[in-house]
Structures are given as structure tokens and as C-alpha cells.
Amino acid sequence: MFKEEYIFFDVNVNTKTEVLEFISNQALSLGLTDDKNGLLEDFLKREEEFSTGLQDGFAIPHAKSSHAKEIAIIYARCKNPIKEWETLDDSFVTNLFALIVPKQNAGNEHLMMISKLATNLLEDEFKNTVRSSDNKSELTKYITKIIKEDN
């Protein structure tokens, strides 16, 4: 679901589409999808429904996709702020957690993951830890612990 190799720092993109293309390409490389274009299309369709931008520079784009092979969370920290991403506080997006969920996982697991991430993104300690971390191993342990915690 969340692994060290799913973390990307200093992603050099300038737009929402570019970062979602990056995520889709990485998902293909990581074996999380067999169709990067189909996955990208599902991310973009979801964004058209309602922006996944939150606040303080964070977004949680997600795709429930027939092109996803397993549930996964990819974290990306962008080198450049993404100005066009609609957020609750009009901040520019620099950090995102992309959720990839196979369509056949029609249950609530992805909603619970989104809820846990969104709830934790209200906590300054969580945001600061994620923003400042440059150690993929430590960040993986930290986020995995949070995702698995019972509310």
C-alpha cells in the first residue's frame, strides 16, 4: 500500500496534469498499473468532479480505476508550487498523496485512507514532518503507522 519506493522528492513539474502524468508513469514503473494513460484519465476525471486540493500546500488526488492493479499511495513533493490546483485556502500545492485504488475494491478502504490522511493533514506535526523529511525510510515508517492507526 505504501512503500519507500512510492516516495518522490523534488519532482520537477509545473501543472496539475504534469504531476498526475508523473504519478501515472511511476505507477506503471512500480507495477501498480498496466495502463498509465488510462490511470491518468481516471485521475483527471476525478479532478473534474471536484478538486482534491486541501490546504497548506497539500492535495490528495485519487483514482478508483480499472487500470489499477493494487491499492497504493504515492507521495510526491514538487520542486515548484502548482498554482492552478484549486485548494480550500488558495495555497499552491507542493505536497501530494496520490491514492490508486482498483475498481474491484468497491468497499470503503480508499475512503478510510483518504479520511485518515485528510484528518492528519489538519495536524501541524504531521504536515511539518512530511514537508521536512528527506529520509524515505523514516517517512515510510511514519506514514504507514498513521495509516494503520485506529481512529
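For the structure, see preceding data.
Residues numbered from 1 in each chain as written. Predicted model: local features only at pLDDT ≥ 70, side-chain atom pairs only at ≥ 80, totals over all residues. Heavy atoms only, no water.

1. Description of the pattern of salt bridges
Considering all chains together, one arrives at four salt bridges under this definition. Taking the shortest distance from any N to any O, the salt bridge between Glu47 and Lys16 comes out at 3.1 Å. With Glu47 in helix α2 (residues 36–49) and Lys16 in helix α1 (residues 16–29), this pair connects stretches of sequence that are 31 residues apart. In this structure Glu47 comes out as buried when scored by relative accessible area, which is 9%. Note that Glu41 and Lys45 form a salt bridge whose closest N and O atoms lie 3.6 Å from each other. Here Lys45 and Glu41 lie together in helix α2, a separation of four residues that amounts to about one turn. Bridged by salt links that share partners, the residues Asp56, Asp124 and Lys127 form one connected network. (Salt bridge = Lys/Arg side-chain N within 4 Å of Asp/Glu carboxyl O. Helix = DSSP H or I, 4+ residues; strand = E, 2+ residues; numbered from the N terminus. Buried < 20%, exposed > 50% of the residue type's maximum accessible area, 1.4 Å probe, protein only.)

2. Section: the packing of aromatic side chains
Following the criterion strictly, the structure yields five aromatic pairs and no others. Measuring from ring centre to ring centre gives 6.5 Å for Phe9 and Tyr75, while their planes differ by 75°; the resulting arrangement is edge-to-face. Here Phe9, found in strand β1 (residues 7–11), pairs with Tyr75, found in strand β4 (residues 72–82); they are 66 residues apart in sequence, far enough to count as distant. Side by side, Phe9 and Tyr75 carry an identical accessibility label, which is buried. Site record: aromatic cluster; members linked through ring pairs are Phe9, Tyr75, Phe97, Phe126 and Tyr142. (Phe/Tyr/Trp six-rings, centres within 6.5 Å; stacked < 30°, edge-to-face > 60°.)

3. Some words on the nonpolar core
The biggest cluster of nonpolar side chains holds 25 residues, and the ones touching the most others in it are Val19, Phe43, Ile74, Trp85, Leu96 and Ile100. Where this core is concerned, the elements lending two or more residues are β1, α1, α2, β4 and β5 (93–102). The element that contributes the greatest number of residues to this core is β4, accounting for five residues. For Val19, the residues in contact, after removing those within four places along its chain, are Val13, Cys78, Ile82, Trp85 and Leu96. (Core = buried A, V, L, I, M, F, W, Y, C linked by side-chain atoms within 4.5 Å. Contact = heavy atoms within 4.5 Å.)

4. What to know about the environment of Thr15
For Thr15, the location among the structural elements is in the loop between β1 and α1. Sequence-wise, Thr15 and Thr144 are 129 residues apart; in three dimensions their C-alpha atoms are separated by 28 Å. In contact with Thr15, not counting residues within four places along its chain, are Ile82 and Glu84.

5. Quick look at helix α5 (residues 136–148)
Under the 1.5 Å per step criterion, the end-to-end length of α5 is 18 Å for 13 residues, consistent within 8% with the ideal 18 Å. Every buried residue of α5 is accounted for by Leu139, Thr140, Ile143, Ile146 and Ile147. Each buried residue of α5 lies within a common arc of 135° when the element is viewed along its axis, so the set occupies one face. Across from the buried face of α5, at angles greater than 90 degrees, the exposed residues are Glu138, Lys141, Lys145 and Lys148. With a side-chain oxygen lying 3.0 Å from the backbone nitrogen of Ser137, the N-terminal cap of α5 falls on Asn135. (Expected span 1.5 Å × (residues − 1). Arc of directions from axis to C-beta. Polar contact = N/O pair within 3.5 Å; in protein donor to acceptor, adjacent residues only side chain to side chain.)

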